[in-house]
Amino acid sequence: MSSQNDSAPKTLAGWQSDSFVKNNLDFCRFWLAVLVIFSHSYALAEGHEENEPLGLFTHGQLNSGPFAVCCFFIISGFLITHSWLRSKSAVDYLKKRAFRIYPGFIVVVLLGVFVIAPFVSENLHFGVKRLLTIPISLLALRNVDLREAFVNNPYPGTMNGSLWSIPYEFKCYLAVMAIGAAGMLTRRRGLVPWLFLVTLIAGALYPFFPVPALDKGPFAAIVGSAEAWSRVFPYFIAGLAFYVYRKSIPFSTPLFVASVIAFVAASFAPPAGRFVFPFAITYALFWFSFHPAIHFENWSRYGDFSYGIYLYAFPIQQLIALSMPGVSAITMFFIATPLSILAGAISWHLVEKHFLKMKHRPAKPVEVKQPAVIDNAATLKSEATNLGSGVVAK
């Protein structure tokens, strides 16, 4: 890795171009999805995650699965803010976000309900009421309750435990829209205090001052559990803030080292991680993702499989636990990982990329009636091209 010098970039904005073509984010998301498989291997093979290595290292503050999910929310906060600011309208923004998240989610849920569940469940019944709830659950990005599935597995009654984060992800998209519509993404001076407030109060203090009414009942059914929000929203806001302040945040290897040291120190001093992890992880993640000497920018040249890996790994691991009683966590991980990558590739090529083509499809150019004589053909051609083009964030 090259050392910093006078020609090295000085800020986060200098680490990458506005088009985000040269970055390592796809590489990170791929291996973060694999890290979720690693974490879940302990829960699904042993029935708990007490022996999960990162959980042991951080003294129970953060194991590999939540670590990966928090990193997903950091990256999402960064890129979704970019998407909002580049979108032509709120409708355009929501269309892009819906095309990215809904198709893969709908397919994996329907496969779980109608293909896998009948073979791995005891006393499974699909009454009219239950069938009518499925479209509602899909629209709300909620998992379908299949407590009859995998009842004899170490982690029984769950078809796909990974899907809990998907509705929170989409609600974060709505939060960006609300924050952007309020002008907070351009009034940068007021964002940092808000970030600190959200992180310290919602993220760090909520576990010690919980409000039970916010974790169940009608509020949680609509908005989501406050406890879950306290875990993911500080990371999403950290990613959002890094995008807004990318021209001011310094590119610094010493700061990267300091972030790693802070992470390690907080791991040995619970509950310090609730205060430290969002900042330490965010800086280290973006330092790696946009470092000019680290080149994984072509990682997804054959497709972006990370979302599909995340969606399909859990049911694949449950099937392994069912077919191989007593399988160890490490064995499950090495069996499930290639199968999940294959499932992610299939999901990408058969489902996701086709909807992303719709997401990136430019508006139809407006037909302009030409006069009989065109005096400035070059100008007219340029205007017609502009009408039919647009810049869409990934």
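Along each chain, residues carry numbers from 1 onward, in the same order as the chain's sequence is written. Residues qualify for local features only when their pLDDT is at least 70, as the model is predicted, and side-chain atom pairs are given and counted only at 80 or more; totals for whole chains, interfaces and linings, by contrast, use all residues. With hydrogens and water set aside, each side-chain value is computed from the structure's full complement of heavy atoms.

Trainee: Would you mind going over the nonpolar core with me for this structure?
Mentor: As a rule of thumb, soluble globular proteins bury nonpolar side chains together. The criterion is simple. A nonpolar core is a set of buried Ala, Val, Leu, Ile, Met, Phe, Trp, Tyr and Cys residues joined through side-chain atoms within 4.5 Å. Here the term buried applies to any residue with accessible area under 20% of the maximum for its type, exposed to any over 50%, and partly exposed to those in between, with areas from a 1.4 Å probe on protein chains only. In terms of nonpolar packing, the biggest core is built from 105 residues, with I166, L240 and I281 touching the most fellow members. Secondary structure elements are taken from DSSP: a helix is a run of H or I of four residues or more, a strand is a run of E of two residues or more, and numbering for both begins at the N terminus. No other element matches the 13 residues that helix α3 (residues 64-86) contributes to this core. In this description, contact between two residues means that some pair of their heavy atoms is separated by no more than 4.5 Å. Those residues within four positions of L240 in sequence are excluded, and the remaining contacts are G77, F78, T81, V176, I179, L185 and L191.

Trainee: For this particular structure, what's the right way to read the packing of aromatic side chains?
Mentor: In this description, a pair of aromatic rings is defined by centroid distance and the angle of the planes. Note on ring pairs: Phe, Tyr and Trp rings are taken, using the six-membered ring of Trp, and paired if centres are within 6.5 Å. Classes follow the plane angle, with under 30 degrees stacked, over 60 edge-to-face and the rest tilted. Under the definition given, this model contains 32 aromatic pairs. Pairing F38 with Y42 gives two aromatic rings, centres 5.4 Å apart and planes at 75 degrees, and the pair type is edge-to-face. One end of the pair is F38 and the other is Y42, both in helix α1 (residues 25-46) and 4 residues apart, which spans about a single turn. Here F38 and Y42 have matching classes, each one buried. Measuring from centroid to centroid gives 6.0 Å for F286 and F290, while their planes differ by 20 degrees, and the two rings are stacked. A single burial state applies to F286 and to F290, both of which are buried. Put simply, the rings of F27, F30, W31, F288, F296 and W299 pair up and form one aromatic cluster. A ring has a charge above it when a Lys NZ or an Arg CZ is no more than 6 Å from the ring centre and no more than 35 degrees off the ring normal. Here R97 stacks its cationic end above the ring of Y173, 5.4 Å away from the centre of that ring. The ring of Y243 is capped by R246, whose NZ or CZ atom sits 4.0 Å from the centre of that ring.

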